[in-house]
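The lines below spell out each chain.
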Amino acid sequence: MGDSGANVTTSPETELQMGMGLLPIRQAMAQGIRPGIGTDSVICGSGDLFSQMRLALQHQRAMDSLPVHAEGRAPLEIELSVRDALGWATTNGAAIMGLDSKIGSLTPGKKADVIAVRPRWDLVRSSHPQASVVLQTQAADVDTVLVNGEFRKRGGALVGHDLAALRAKANAALDNIERAAASLHHFSTRELADFVGQAERGASVNYAQAYQTTT
């Protein structure tokens, strides 16, 4: 994959929670691939990139420390920094989408896609802003969002959206889902295993077909 110029992105919270194996961050970096991070199913995760940065960074730091622990020693050095994690969610993500010439960094000539963070625990200034963003920030701490220079969030409030109406629609949709779910067949462990196996095989075929080069 590294030789072909392929990209690798991981959804830390979903993959770790759903038994999909360890995150491929170190393996990607070893092959010269700049890994990215994202979110997957928000029904079982936070859905924000701050959580994914923290989880991915600390997961890989823990994995990197395993050989040292196996020798009965305490790790005294770490290689991956908070700046690495910040890059996974910004510049690397933009590159993976083929948009690194337009977004992903505060660079002259790029679109003004910017967030400004105002921590809710605003008691003292940050001595390390990058670390504060990666290690302590939550989505609720985002004060301002600019998308291509236009305000989408300002002063902690969304711009141009009726939250009450959106919340009412979301609750109505959830009511419909819960009513439908109540009448569903309750699958046995064996049935679930069969379903997951079929879904994995089907997904593999569908993805392979979707990414084939065609003329």
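The coordinates are above.
Residues numbered from 1 in each chain as written. Predicted model: local features only at pLDDT ≥ 70, side-chain atom pairs only at ≥ 80, totals over all residues. Heavy atoms only, no water.

Explain the layout of surface pockets residue by residue, including any values.
Any empty space left between atoms is shown by rolling a water-sized probe over those atoms. Roughly 1,100 Å³ of internal volume is contained in the largest pocket. Lining the largest pocket are 33 residues, and of these Ala-89, Thr-90, Gly-104, Asp-113 and Ile-115 lie nearest its centre. Only β2 (36-37), α3 (49-70), α4 (82-89), α5 (91-96), β3 (114-117), α6 (129-136) and β4 (142-147) provide two or more residues apiece to the lining of the largest pocket. Of the residues in the lining of the largest pocket, the class split is 21 nonpolar, nine polar and three charged. Of the volumes computed, that of the second largest pocket is approximately 320 Å³. Forming the walls of the second largest pocket are Met-18, Met-20, Phe-195, Val-196, Ala-199, Glu-200, Ala-203 and Tyr-207. (1 Å grid on protein atoms, 1.4 Å probe; cavity = no way out; pocket = protein on both sides within 12 Å on 5 of 7 lines; lining within 4 Å. Points joined across faces, edges and corners; volume = space filled by probe spheres on them. Helix = DSSP H or I, 4+ residues; strand = E, 2+ residues; numbered from the N terminus. Nonpolar A, V, L, I, M, F, W, Y, C, P; charged D, E, K, R; others polar.)

Describe empty space enclosed by the protein, listing the residues and the values that go with them.
Taken as a whole and assessed by the stated rule, the structure comprises one cavity of 30 Å³ or more. Here the residues of the lining of the largest cavity sort into one nonpolar, eight polar and two charged.

Give me the lowdown on the nonpolar core, citing residues and values where you can.
By size, the foremost hydrophobic cluster in this structure holds 16 residues, and its most contacted members are Ile-37, Met-53, Ala-56, Leu-57, Ala-85, Trp-88 and Val-134. Sorting the residues of this core by element identifies α3, α4, α6 and β4 as the ones contributing at least two each. Setting aside anything within four residues of it in sequence, one finds Met-53 in contact with Ile-37, Ala-85, Leu-86, Ala-89, Val-133 and Val-134. (Core = buried A, V, L, I, M, F, W, Y, C linked by side-chain atoms within 4.5 Å. Buried < 20%, exposed > 50% of the residue type's maximum accessible area, 1.4 Å probe, protein only. Contact = heavy atoms within 4.5 Å.)

Tell me about the packing of α4 against α6, residues and numbers included.
Relative orientation of the contacting elements α4 and α6 amounts to 65 degrees, with a least axis distance of 9 Å. Helix-helix and strand crossings are classified by hand; for α4 and α6 the assignment is left-handed. When α4 is examined against α6, the residues Val-82, Arg-83, Ala-85 and Leu-86 are found in contact with a partner set consisting of Gln-130, Ala-131, Val-133, Val-134 and Leu-135. By residue class, the composition of the contact of α4 with α6 is seven nonpolar, one polar and one charged. (Axes fitted to C-alpha atoms, helices over the stretch in contact; angles between N-to-C directions. Left-handed = near helix turned anticlockwise from the far one by under 90°.)

Lay out α6 in plain terms, naming residues and giving numbers.
Each turn of an α-helix holds 3.6 residues, which means side chains three or four residues apart point in the same direction. Within α6, the full set of buried residues consists of Ala-131, Ser-132 and Val-134. Taken together, the buried residues of α6 touch α3 and α4.

Residues and numbers for the sheet that holds β4, please.
Pairing within the open sheet is antiparallel, and its four strands lie in the order β3-β4-β5-β6. Pairing within the sheet leaves two strands with one partner each, and these edge strands are β3 and β6 (157-158). The pairing of β4 with strand β5 (residues 150-154) spans three bridges and is classified as antiparallel. Bridge pairing links Leu-146 to Phe-151 in β5. (Pairing = 2+ DSSP bridges.)

With reference to specific residues and values, describe the environment of Ala-6.
Along the chain, the position of Ala-6 falls in the segment before β1 (9-10). Taking the C-alpha atoms as reference, Ala-6 lies 31 Å from Thr-137; in sequence the two are 131 residues apart. Non-local contacts of Ala-6, meaning those with residues more than four positions away in its chain, are made with Met-1 and Ile-33.

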